[in-house]
Amino acid sequence: MGQGLWRVARNQQLQQQGYSGQGYLTRERGRRIAANNAANTSHRKQAQGGIDIYHLLKTRKSKEQEGFINLEMLPPELSFTILSYLNATDLCLASCVWQDLANDELLWQGLCKSTWGHCSIYNKNPPLGFSFRKLYMQLDEGSLTFNANPDEGVNYFMSRGILDDSPKEIAKFIFCTRTLNWKKLRIYLDERRDVLDDLVTLHNFRNQFLPNALREFFRHIHAPEERGEYLETLITKFSHRFCACNPDLMRELGLSPDAVYVLCYSLILLSIDLTSPHVKNKMSKREFIRNTRRAAQNISEDFVGHLYDNIYLIGHVAA
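Residues numbered from 1 in each chain as written. Predicted model: local features only at pLDDT ≥ 70, side-chain atom pairs only at ≥ 80, totals over all residues. Heavy atoms only, no water.

The protein chain carries the name F-box only protein 8 in an unreviewed UniProt entry, which gives Campylorhamphus procurvoides as its organism. Of the comments in the UniProt record for the protein chain, the one headed Function (unreviewed entry) reads "May promote guanine-nucleotide exchange on an ARF. Promotes the activation of ARF through replacement of GDP with GTP." (UniProt positions renumbered as here; feature names shortened; annotations may be inferred.)

Written as structure tokens, this is what we have:
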């Protein structure tokens, strides 16, 4: 009884002095937060080399200065890094505010080479008055022209000195560009077989599984929607290129370009069979192995089975 009364009196005394357990923990938590904030602020100042960017972002003299910080207040390296994430449209808008920064040649050079990875003009001495911003506009206009008429688009690039009149240079440009309409590109490559030959040699299928290599090939050179001479030409060129990239594998498996051609055609037909909703009775793995080995008898049954599994799990090779 006496100990209980003593605890009650002691608790009342602690509460009057402000040292209750809850109050003590609250004050300790406040001290730790304040210490962490001070340490973070000191770390930011040290990391910025004496420039307190956090202070610049938080401090505004008037309401007109609220919003995005003026890039001219930051170190040039940091400003260029921020502007490098913009596309061409946003960079043009930024140049209305930060003309010297947003018109920097390095920014426009990065935009050109990230969209059009290869141009003949990149490897030449730039002419008088050359600018990558102007080049970007010409490349964009030429790509739009190509997507309307491929021959006129290529002639546009050549007339501006952007591309040399060489099948190899045109093939490199196509291989490193993703802004060209694939339907127009397919028509152009069907007409320019010399460019198609050089484009095929740019692919490296070394140590790739056959269906995966075929998918990569058809991502760059789209297959026609119908069977015909052009599809047969593409598969023939792919077969020779795949064998040239994997000579050791061809000897190990006993494959030839003709055998690879048969396998590629079988993979395309299997892809259609397994992915088409109109085919009700799908080809089984056993049927695929039996049909393929009839056409190419030297092929291992396990290897053909792996081909079937790849199509079944990943999908079409020419989608």
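From this point, things continue past the structure.
S.K.: Hey, could you run me through the overall build of the protein chain in this one?
M.R.: Scanning the protein chain from terminus to terminus reveals 18 helices and 0 strands. In the protein chain, buried positions account for 34% of the 319 residues. Approximately 19800 Å² of the protein chain is accessible, and the part contributed by carbon and sulfur atoms is 51%. (Helix = DSSP H or I, 4+ residues; strand = E, 2+ residues; numbered from the N terminus. Buried < 20%, exposed > 50% of the residue type's maximum accessible area, 1.4 Å probe, protein only. Areas by Shrake-Rupley, 256 points an atom, 1.4 Å probe, with all protein chains shown as cover.)

S.K.: Can you help me understand the environment of E141 in this one?
M.R.: Position of E141 among the secondary structure elements: in helix α8 (residues 132-148). E141 gets classed as partly exposed once you look at its relative accessible area, which sits at 43%. Expressed as a C-alpha distance, the spacing of E141 and G153, which sit 12 residues apart in the sequence, is 8.6 Å. A polar side-chain atom of E141 sits 3.2 Å from a polar atom in the side chain of Y156. (Polar contact = N/O pair within 3.5 Å; in protein donor to acceptor, adjacent residues only side chain to side chain.)

S.K.: Just to check I follow, could you spell out the packing of helix α17 (residues 285-295) against helix α18 (residues 301-314) for this structure?
M.R.: Axis separation between α17 and α18 bottoms out at 9 Å; the angle between their running directions is 125°. Taken together, α17 and α18 sit at an angle that is classed as oblique. You can see that α17 and α18 cross each other, and the crossing is right-handed. The residues of α18 that touch α17, namely those facing K285, F288, I289, T292 and R293, are E301, V304, G305, L307, Y308 and D309. (Axes fitted to C-alpha atoms, helices over the stretch in contact; angles between N-to-C directions. Parallel < 35°, antiparallel > 145°, perpendicular 65-115°, else oblique. Left-handed = near helix turned anticlockwise from the far one by under 90°. Contact = heavy atoms within 4.5 Å.)

S.K.: Teacher, can you tell me more about helix α13 (residues 210-220) here?
M.R.: Because each turn of an α-helix spans 3.6 residues, side chains separated by three or four positions end up pointing in the same direction. Within α13, 9 of the 11 residues are buried, which leaves it mostly tucked inside the rest of the structure. Those residues of α13 lying buried are L210, P211, A213, L214, R215, E216, F217, F218 and H220.

S.K.: Quick question: what am I supposed to make of the pattern of salt bridges here?
M.R.: Pairs may arise between side chains of opposite charge once their charged atoms sit close together. The full count for this structure, using the stated rule, is 8 salt bridges. One salt bridge connects R193 with D190, and the closest N-O pair in it is separated by 2.7 Å. Overall, R193 belongs to the partly exposed group, its relative accessible area being 25%. By relative accessible area, which is 34% here, D190 ends up partly exposed. When the shortest N-O distance is used, the salt bridge between R251 and D248 registers 2.3 Å. Of the two residues, R251 and D248 both sit in helix α15 (residues 247-253), 3 residues apart, roughly one turn of that helix. Residue R251 is classed as exposed on the basis of its relative accessible area, which comes to 62%. One salt-bridge network, held together by shared partners, links D190, R193 and E229. (Salt bridge = Lys/Arg side-chain N within 4 Å of Asp/Glu carboxyl O.)

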